[in-house]
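If you want the building blocks of each chain, they are given just below.
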Amino acid sequence: MIEVKNLCKEYHVVKKEKGIKGALKGLVSKESQSIPAVKNLNFSIESGEIVGFIGPNGAGKSTTIKMMSGILTPSGGEVLIDGKDITKHRKEVVGNIGVVFGQRSQLNWDLRLGESFELLRHIYQVDKKQYEQMLDTMDEILGIKELLDKPVRQMSLGQRVKGDLTAAMLHSPKVLFLDEPTIGLDVGSKYALRKFVKEINRKNGTTIILTTHDLGDIQQLCERIMIINHGELVEDGNLSEIVDRIAPYKTLIVQYFDEAIPSSEHCELISHEGNVARYRFGKNETTAARLIEELSGKAMIQDISVEETGIEEILSVL
C-alpha cells in the first residue's frame, strides 16, 4: 500500500551574524545552510497494517508524515501510495488518504460539526449514500451523531478529536495518518481513539500509520514499529522482538516488610526507597520466580510486581 524510496528532506536556513554589523551584512549578502531533516528513508507498508512510527523530538517523524501525505514536497526520493507517486499524482492520491494532526484541526471553527462534515463531503465529492454509511459507522465507534449540531468552537478537545477522526474518514480513505493524535487528551478520549483505530482497521481494512509519544498507544495498537532518529530509520520490525533485542531485561519490584534490602547474585539492584527495591534481570539469564524464591529466603516479602521494558527506555539508548 505504501512504498518509500530514498526519501529525503532538507531545509535551508539563513545564517545570521550577531549584532548591528551582522544585521547590515545580512542586508547585502545572505548565507544559508542546508539542514537535513530526513535522510534516505526506505520502507514499505502492506495494506491493512497498523504501524507505529516513533522517535525522539526532532527526529523527523512529522516531516516524514507530511511528505507521505502530500503536504510537503520531498527534496529527493519518492512516496508511492497504492502504486502512485504522491508528488506527481497528488490530487488523485489524496482522495485515498486521511490525515489527523493532533495540534491542528481540519474542522471549520465557525460552523456546526455537521456543517463541517457536509463541507468536506462536497470537497471530496463523496456520494450522499456513502457519506451516510460512513457517518453511521463512525457513530457506532465514537458516538459522533450526538455532536453534529454543536458548534466546533464550543466543543471540548476530546470532542474535536472525535470530529477530526470522523472528518478524516468521511471519504473512506485506504490510508490514515495519525500524527500525535492523543496530545492533551484525557483517559476517556484516549480510549475512544484507540477503539476507533482498532475498529476502523477491522471493518474497513484501513492502513494506519501512527506517530505518538504516548507509548500506551503503541503497545496496545501496533505489532510493528519503525523507529526514526536524526532523520534515519534505525529500527523496523515486530515490537516485542525489537524490545527483546535492544533491552532484553525486566524489572522486579519488591516491597519488603522492613527496610533491610537484600542483594542477589542473579540480578542488579538498581534502586531502593524505604522498603521498596527494584531489581533488573536478564530475560535469558533467570526468571522472576527464581529471584522471588531467592529473595524471600533472605527477607520477608510483602508484595511483588514485574515490569516489562518500556519503549521510552529503548529510545533512550538509541
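That block above? That's the structure.
One structure accompanies this document, and this report is about it. Positions within a chain are numbered from 1, following the residues in the order the chain's sequence is written. Given that this is a predicted model, residues contribute local features only at a pLDDT of at least 70 and side-chain atom pairs are listed and counted only at 80 or more, while totals for whole chains, interfaces and linings are drawn from all residues. As a convention, hydrogens and water are excluded, and side-chain values are obtained from all of the structure's heavy atoms.

**Observations regarding the overall build of the chain**
Step number 1: Within the chain one finds 11 helices and 14 strands.
Step number 2: Seen through its principal axes, the chain has C-alpha atoms that stretch 70 × 60 × 40 Å.
Step number 3: Exposed residues in this analysis have more than 50% of their type's maximum accessible area, buried residues have under 20%, and partly exposed residues fall in between, with area computed by a 1.4 Å probe over protein chains only. Across the 318 residues of the chain, 44% fall into the buried class.
Step number 4: In short, Shrake-Rupley with a 1.4 Å probe defines the accessible areas, and a residue's cover is counted only from the protein chains shown. About 16800 Å² of surface is accessible on the chain, with carbon and sulfur atoms providing 47% of the total.
Step number 5: The convention is simple: Lys and Arg are positive, Asp and Glu are negative, and His and the chain ends are not counted. By convention, charge coordinates are those of NZ in Lys, CZ in Arg, CG in Asp, or CD in Glu. Charged side chains of the chain number 40 positive and 46 negative; the gap between the two group centres comes to 9 Å. For helices the rule is a DSSP run of H or I covering at least 4 residues; for strands it is a run of E covering at least 2, with both sets numbered from the N terminus onward.

**Things to note about the sheet that holds strand 12 (residues 268-273)**
Step number 1: In space, the four strands of this open sheet follow the order 12-13-11-14, with antiparallel pairing throughout. Every interior strand has two partners, whereas the edge strands, strand 12 and strand 14 (301-307), have only one. On average, adjacent strands in this sheet sit at an angle of 20 degrees to one another, irrespective of strand direction.
Step number 2: Any two strands with at least two DSSP bridges between them are considered paired. As judged from the six bridges shared by strand 11 (residues 249-256) and strand 14, these two strands associate in the antiparallel manner. Across the sheet, residue Tyr 256 finds its bridge partner in strand 14, namely Ile 301. Here an axis means a line fitted to C-alpha atoms, over the contact stretch when the element is a helix, while the angle between two N-to-C directions is reported on a 0 to 180 degree scale.

**A word on the pattern of salt bridges**
Step number 1: A pairing counts as a salt bridge when a side-chain nitrogen of Lys or Arg comes within 4 Å of a carboxyl oxygen of Asp or Glu. In the structure shown here, the tally under the stated rule is 18 salt bridges.
Step number 2: The shortest N-O distance in the salt bridge between Lys 128 and Glu 132 comes to 3.5 Å. Here the residue Lys 128 and the residue Glu 132 both occupy positions in helix 5 (residues 128-142), the gap between them amounting to four residues, near one helical turn.
Step number 3: Its relative accessible area of 31% is what places Glu 132 among the partly exposed residues.
Step number 4: Glu 199 is paired through a salt bridge with Arg 202; the nearest N and O atoms lie 2.7 Å apart. Residue Glu 199 and its partner Arg 202 are located together in helix 7 (residues 187-204), separated by three residues, close to a single helical turn.
Step number 5: Judged by its relative accessible area of 57%, Arg 202 falls in the exposed class.

**Focus: the sheet that holds strand 3 (residues 50-54)**
Step number 1: The six strands are arranged 6-7-8-3-9-10 in an open sheet whose pairing can be described as mixed. Edge strands, defined here as strands with exactly one partner in the open sheet, are strand 6 (97-101) and strand 10 (232-238). Mean inter-strand twist for the sheet, computed between neighbouring axes without regard to direction, equals 15 degrees.
Step number 2: In this structure, strand 3 lies alongside strand 8 (residues 207-211), joined through three bridges in parallel fashion. Among the inter-strand pairings, Val 51 is bridged to a residue of strand 8, identified as Ile 209.
Step number 3: A contact between two residues is defined here by any heavy atoms of the two lying within 4.5 Å. In this fold helix 7 packs onto strand 3, strand 7 (175-179) and strand 8, with an angle of close to 160 degrees to the strand it touches most, strand 8.

**Quick word on unusual backbone geometry**
Step number 1: Positive phi values are uncommon outside glycine, yet Asn 6 reaches one of about 50 degrees.
Step number 2: Relative to the helices and strands, Asn 6 resides in strand 1 (residues 2-15).
Step number 3: When its relative accessible area of 44% is taken as the criterion, Asn 6 is described as partly exposed.
Step number 4: Phi at Gln 125 is positive, roughly 55 degrees, even though this residue is not glycine.
Step number 5: Structurally, Gln 125 is set in the loop between helix 4 (113-123) and helix 5.

**Comments concerning the environment of Asp 82**
Step number 1: Among the secondary structure elements, Asp 82 is positioned in the loop between strand 4 (76-81) and strand 5 (84-85).
Step number 2: Counting along the chain gives 216 residues from Asp 82 to Lys 298, while the straight-line C-alpha distance between them is 61 Å.
Step number 3: Apart from the residues within four sequence positions on either side, Asp 82 is in contact with Met 1 and Lys 174.

**Topic: the side chain of Lys 9**
Step number 1: Structurally, Lys 9 can be placed in strand 1.
Step number 2: Lacking a salt bridge, the buried Lys 9 has Glu 10 as its closest oppositely charged neighbour, with an N-O distance of 9.2 Å.
Step number 3: If sequence neighbours within four positions are ignored, Lys 9 has contacts with Ile 35, Pro 36, Ala 37, Val 38, Thr 63, Met 67, Thr 73, Pro 74 and Ser 75.

**Re the pairing of strand 11**
Step number 1: Burial runs high along strand 11: six of the eight residues are buried.
Step number 2: Relative to strand 13 (residues 276-282), strand 11 runs antiparallel, the two sharing seven bridges. Note on strand 13: the bridge partner recorded for Thr 251 is Arg 280.

**Remarks on the layout of surface pockets**
The probe, sized like a water molecule, is rolled over the atoms to show the empty space still left.
Step number 1: The distinction between a cavity and a pocket rests on a 1 Å grid over the protein atoms alone: a 1.4 Å probe fits inside a cavity but cannot get out, while a pocket stays open yet meets protein on both sides within 12 Å along at least five of seven lines, and a residue with an atom within 4 Å of a point counts as lining. Grid points are joined across faces, edges and corners, and a volume is the space filled by probe spheres set on the points. Here the largest pocket is characterised by a volume of approximately 550 Å³.
Step number 2: In terms of lining, the largest pocket is formed by 24 residues, of which the most central are Ser 69, Ile 71, Val 99, Val 100 and Phe 101.
Step number 3: When contributions to the lining of the largest pocket are tallied by element, the ones reaching two or more residues are helix 2 (61-68), helix 3 (90-94), strand 6 and helix 6 (157-169).
Step number 4: Looking at which element gives the most residues to the lining of the largest pocket, the answer is strand 6, with five residues.
Step number 5: A class-by-class count of the residues in the lining of the largest pocket yields 10 nonpolar, eight polar and six charged. All residues other than Ala, Val, Leu, Ile, Met, Phe, Trp, Tyr, Cys, Pro, Asp, Glu, Lys and Arg, Gly among them, are scored as polar; the first ten of these are nonpolar and the last four charged.

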